[in-house]
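The primary structure of each chain is shown beneath.
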Amino acid sequence: AGIRHYKWEVKYEYKSQDCYKKLAITINGRTPGPTIEARVNDTVVVELKNSLLTENVAIHWHGIRQKGTPWFDGTAGVTQCPIVPGDTFVYKFVVDRPGTYLYHAHYGLQREAGLNGMIRVLLPPGESEPYTYDRDRSILLTDWYHQSTYEQATGLSSLPFVWVGEPQSLLIHGKGKFDCSTPGLKSGLCNATNPECSPYVITVVPGKTYRLRIGSLTSLAALSFEIEGHTMTVVEADGHNVEPFVVKNLFIYSGETYSVLIKADQAPTRNYWAVSKVVSRNSTTPNGLAIFNYYPNHPRRSPPTVPPVGPAWNDVAPRLAQGEAMKARQGYILPPPQTSDRVIVMLNTQNRINGYTRWSVNNVSYNLPDTPYLIAVKDRLNHVFDQTPPPDGYDSQNYDIFSIANNTNATTSSSIYKLQFNSTVDIILQNANTMNANNSETHPWHLHGHDFWVMGYGQGKFDINSDPKNYNLVNPIMKNTVSVQPYGWTALRFVADNPGVWAFHCHIEAHFYLGMGVVFEEGVEMLGRYPTSITGCGDTKGYRRP
Ligand SMILES: O=C1O[C@H]([C@@H](O)CO)C(O)=C1O
């Protein structure tokens, strides 16, 4: 195994990703940042210099389990103190499985400012995938806001509440197109002919098969992605091989990755549209467009057709069908333990707490402490976070998930779930009505430090007596991010076998900021000494010695 060394400088720069000029956070001048390429069991070393001048930073390696290195998970407040301006922090971890992963800022709403990218882990030399393709391409899908993260964060934590609203653009690998003739724009900010916002191009050679590694790091939007006139065969989800299935459009939630195979088998005399579209919200955001370019046509030549409009935003059935179609590829994913040791039901609600709009799990809205949990637990700094364990369920008998609930007993807390090391844990995500009538939203939940089996989905209220009988105990997929549909539930199972402290949260940036997450702790006593580079904040100010 080798070492992959990266030297990154993180800073603010003016960018015109969608033709509208705004400050973006870049890595070595780029957003998305460089795709990390490594082979299984390589050690990735990222030497990160924070040149943001007045802003901390932390980077999470999304989908990398960090076995033995929980302090390099990059989650500010959970696994490390954020990196202060001017400092250089060294992340060092092993990528122990092949597949497609992501990285992004995990501090405040910083991810929205463009600090993101992809990780591609290849098989060891001589080994091959159970499918074939000629070339490999990583494509990151995001949404894009023109407001700064500070304006957004301030609105979210103010009275009255100011919601971030729908994104202005969808970007395909960092490129989008905002309509510069939109009334009310300040002059000089939007330039439709800026080469920075020329469409992203995926060039293919006729007859060849491509593996597109597609990841989503949207702030808010759930997406549908398609390539005009072509079907895609899904072969990988979150780093795991799935039984191949064919889709016309791929539904992808923030925090997910998929590999699809696509054959350049259409008329080669023209180009085609690649389209991303918001689903699950009645969004005003225009579709994202890229060019699927058949060589040797000119890469900038617009396809002669009107871009596909994509599926209806509110049609849940095809999204559920994609989830149902996904099964573990035979011989690649071990079946789950057939029983679990603990079941935690997590009711997802929007609440008002002291007048502030928040999101909660079992009526607890999550607040990060100033001292990272990993250090606090390891060093028994019990005073730095709430020691009362959060609840393992809610009053499901008496709770109506279909109507607005007042949830007057909702509170904020920094308490965490202690999991018994090596125990098998079931999590049931239960969706419910928001504070708006007849409204329930889609939430993609991401677990740090583990993959989980997706045991089942359902509509309405989860029934602990009957629904587990329908769990897929034979060939469920494993993922690190899964969605819970409006008014539905999703059941997942994982083994708490990775010593550390791990966040589990809604991957919608504003929702996690508003408290929609929990933290698990397991086996921290088994860990050796953590690196002093993660200290320096909260109660650990005096820890760093010269
Ligand atoms: O957290 C959210 O707040 C708004 C809305 O519910 C209140 O305006 C919305 O759509 C969210 O996802």
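Parameters at a glance
Residues numbered from 1 in each chain as written. Predicted model: local features only at pLDDT ≥ 70, side-chain atom pairs only at ≥ 80, totals over all residues. UniProt positions renumbered as here; feature names shortened; annotations may be inferred. Helix = DSSP H or I, 4+ residues; strand = E, 2+ residues; numbered from the N terminus. Rg over C-alpha atoms; globule rule 2.2 N^0.38 Å. Buried ≥ 20, exposed ≤ 12 C-beta atoms within 10 Å, placed from the backbone. Contact = placed C-beta atoms within 7 Å. Pairing = 2+ DSSP bridges. Near = placed C-beta within 6 Å. Nonpolar A, V, L, I, M, F, W, Y, C, P; charged D, E, K, R; others polar.

As named in an unreviewed UniProt entry, the chain is L-ascorbate oxidase, taken from Rhododendron simsii. Under the heading Catalytic activity (unreviewed entry), UniProt records this for the chain: "4 L-ascorbate + O2 = 4 monodehydro-L-ascorbate radical + 2 H2O". The annotation that UniProt attaches to the chain under Sequence similarities (unreviewed entry) is "Belongs to the multicopper oxidase family."

**Student:** Where do I start with the overall build of the chain in this structure?
**Tutor:** Counting secondary structure elements, the chain contains four helices and 32 strands. For 546 residues, the compact-globule formula gives about 24 Å, and the C-alpha radius of gyration of the chain, at 22 Å, lands near that figure. Each principal axis of the C-alpha distribution contributes one length, and for the chain these read about 65 × 55 × 55 Å. Counting all 546 residues of the chain, 52% fall into the buried class. When contacts within the chain are restricted to residue pairs at least 6 apart in sequence, those whose partners lie at least 24 apart make up 79%.

**Student:** Quick question: what am I supposed to make of the UniProt feature "domain: Plastocyanin-like" (unreviewed entry) in the chain here?
**Tutor:** Feature annotation in UniProt places "domain: Plastocyanin-like" (unreviewed entry) on residues 10-121, 137-296 and 391-523, given in this structure's numbering. End C-alpha to end C-alpha, residues 10-121 measures 23 Å, and it is 0% helix and 45% strand. Split by type, residues 137-296 is 5% helix and 44% strand. Its first and last C-alpha atoms lie 18 Å apart.

**Student:** Could you clarify how one ought to interpret the pairing of strand β9 (residues 135-144) in this entry?
**Tutor:** Looking along a regular strand, one sees side chains alternate from face to face of the sheet. For β9, a buried count of seven out of 10 residues is recorded, marking the element as mostly surrounded by other parts of the structure. Where β9 lies against strand β12 (residues 209-216), seven bridges are found, and the strand directions are parallel. In the sheet register, Ser138 faces β12, and the bridge partner there is Arg213.

**Student:** Would you mind showing me how to read the site of the ligand here?
**Tutor:** In the vicinity of the ligand, the residues found are Trp163, Gln350, Thr434, Asn436 and Glu441. Tallied by class, residues from the shell around the ligand come to one nonpolar, three polar and one charged.

**Student:** Would you take a moment to explain the environment of Phe161 for this structure?
**Tutor:** As for its placement among the helices and strands, Phe161 is situated in the loop between α1 (149-156) and β10 (169-172). For Phe161, a count of 15 C-beta atoms within 10 Å translates into the label partly exposed. Through-space distance from the C-alpha of Phe161 to that of Pro244 is 44 Å; in sequence the pair is 83 residues apart. If sequence neighbours within four positions are ignored, Phe161 has contacts with Leu156, Tyr356 and Thr357.

**Student:** Which parts of the structure should I look at to understand unusual backbone geometry?
**Tutor:** One can expect most non-glycine residues to show negative phi and most peptide bonds to be in trans. Cis peptide bonds are those with omega within 30 degrees of zero, and the linkage from Leu159 to Pro160 qualifies with -5 degrees. Mapped onto the elements, Pro160 comes out in the loop between α1 and β10. Following Tyr295, the chain continues to Pro296 via a peptide bond in cis, the omega torsion being 5 degrees. The phi torsion at Asn28 lies on the positive side, around 45 degrees, for a residue other than glycine.

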